[in-house]
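# Examining the three-dimensional arrangement
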Amino acid sequence: MTVNMTKGQAISLQKSDGGTLTAVRMGLGWQAAPRRGLFGSRTREIDLDASAVLFADKQPVDVVFFRHLVSDDGSVKHTGDNLVGGAGSGGDDEAILVDLQRVPVHIDQIVFTVNSFTGQTFQEVQNAFCRIVDETNGQELARYTLDGGGQYTAQIMAKVHRIGAGWQMTALGNPANGRTFQDLMPAILPHL
């Protein structure tokens, strides 16, 4: 059963049978919002980029994004860059796979961001979401809708962090500005 998350909400990443999740997928989907023009409405392609920044004791130690598809330890993988979106409320346009069992013990948080590489604002995006899926069986565990439009070009979407021997996801949904994950680092740090 999917949990529809609200900003700031945290959920445990335990299986419904009490077992521990071993692999999750953070999916990102979006559509370009139609714009009214002189000759009717039209859409413009939107290039959103998902990134995962791996932290150890509040220090960034690795990142996975469209130019570095696999973390140095191999535990986090980006499935590839989507330059136009289109899935919206359906499937994922970009996804980041996390093998929770392979994440090194010193990594205590993984923060997921989305940014508009081309600099378009979220006013030009609709039906945007991020979700966590149990990669072993395809079951969607949690979904966070990235709504609200706005004059910003990025969002700090969510984080997966260690809680004891397990993992927890927290929906962040904080707007920010920046075209790359590097631009977002000052906005990420308060959430660690």
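The present account deals with the structure reproduced in this document. Just so you know, these numbers come straight off a predicted model, no measurement behind them. (Residues numbered from 1 in each chain as written. Predicted model: local features only at pLDDT ≥ 70, side-chain atom pairs only at ≥ 80, totals over all residues. Heavy atoms only, no water.)

## Brief notes about empty space enclosed by the protein
Spelled out, the test is: We place a 1 Å grid over just the protein atoms. Points where a 1.4 Å probe fits but has no way out form a cavity, open points with protein on both sides within 12 Å along at least 5 of 7 lines form a pocket, and any residue with an atom within 4 Å of a point lines it. Grid points are joined across faces, edges and corners, and a volume is the space filled by probe spheres set on the points. All residues other than Ala, Val, Leu, Ile, Met, Phe, Trp, Tyr, Cys, Pro, Asp, Glu, Lys and Arg, Gly among them, are scored as polar; the first ten of these are nonpolar and the last four charged.
Scanning the model with the defined rule gives 1 cavity of 30 Å³ or more in all. Computed from the structure, the largest cavity encloses a volume of approximately 30 Å³. Lining the largest cavity are D49, S51, F65, F66, N115, F117, R179, T180 and F181. Residues that form the lining of the largest cavity fall into these classes: 4 nonpolar, 3 polar and 2 charged.

## Considerations on the packing of aromatic side chains
Our working rule: Pairing of aromatic rings covers Phe, Tyr and Trp, the last counted by its six-membered ring, and requires centre-to-centre distances within 6.5 Å; plane angles under 30 degrees mean stacked, over 60 mean edge-to-face, and any other angle means tilted. A run of DSSP states H or I qualifies as a helix once it reaches four residues; a run of E qualifies as a strand once it reaches two. Both are numbered from the N-terminal end. Put simply, a charge is over a ring when the Lys NZ or the Arg CZ is close to the ring centre, within 6 Å, and near the line of the ring normal, within 35 degrees.
Under the criterion given, the structure shown has 3 aromatic pairs. Seen in terms of ring centroids, F66 and F117 are 5.4 Å apart; in terms of plane orientation they differ by 80 degrees. Their pairing is edge-to-face. With a gap of 51 residues between them, F66 in the loop between β7 (59–64) and β8 (76–78) and F117 in the loop between β10 (109–116) and β11 (125–134) connect regions that are remote in the sequence. Among the aromatic residues, those joined into a ring-pair cluster are F65, F66, F117 and F181. Here R179 stacks its cationic end above the ring of F117, 4.9 Å away from the centre of that ring.

## A few points about the nonpolar core
One broad trend across soluble globular proteins is that nonpolar side chains are buried collectively. Keep this limit in mind: Note on terminology: a nonpolar core comprises buried Ala, Val, Leu, Ile, Met, Phe, Trp, Tyr and Cys residues joined through side-chain atoms within 4.5 Å. Each residue is placed in one exposure class: buried if its accessible area under a 1.4 Å probe, protein chains only, is under 20% of its type's maximum, exposed if it is over 50%, and partly exposed if it falls in between.
Ranked by internal contacts, the top residues of the largest apolar core, which has 37 residues, are M26, V76, V98, I110, F112, I132 and M157. Residue assignment for this core shows that the elements contributing at least two residues are β3 (23–32), β6 (48–56), β9 (94–99), β10, β11, β12 (139–145), β13 (154–163) and β14 (166–176). No other element matches the 5 residues that β3 contributes to this core. Core analysis: the next-biggest nonpolar cluster, separate from the first, contains 14 residues, F55, V63, A154 and I156 among them.

## What to know about the pattern of salt bridges
Selection rule: Here a salt bridge means any side-chain nitrogen of Lys or Arg lying within 4 Å of a carboxyl oxygen belonging to Asp or Glu.
Summed over all chains, the structure comprises 4 salt bridges. E135 is paired through a salt bridge with R25; the nearest N and O atoms lie 2.7 Å apart. Residue E135 is found in the loop between β11 and β12, and its partner R25 is found in strand β3; the two are separated by 110 residues along the sequence. For R25, a relative accessible area of 17% corresponds to the buried category. Of the charged contacts, one joins R131 and D92 as a salt bridge, the two residues approaching to 2.7 Å between their closest N and O atoms. Residue R131 is found in strand β11, and its partner D92 is found in the loop between β8 and β9; the two are separated by 39 residues along the sequence. Overall, the relative accessible area of 12% leaves R131 in the buried class. One network of salt bridges, with partners in common, ties together R25, D92, R131, E135 and E140.

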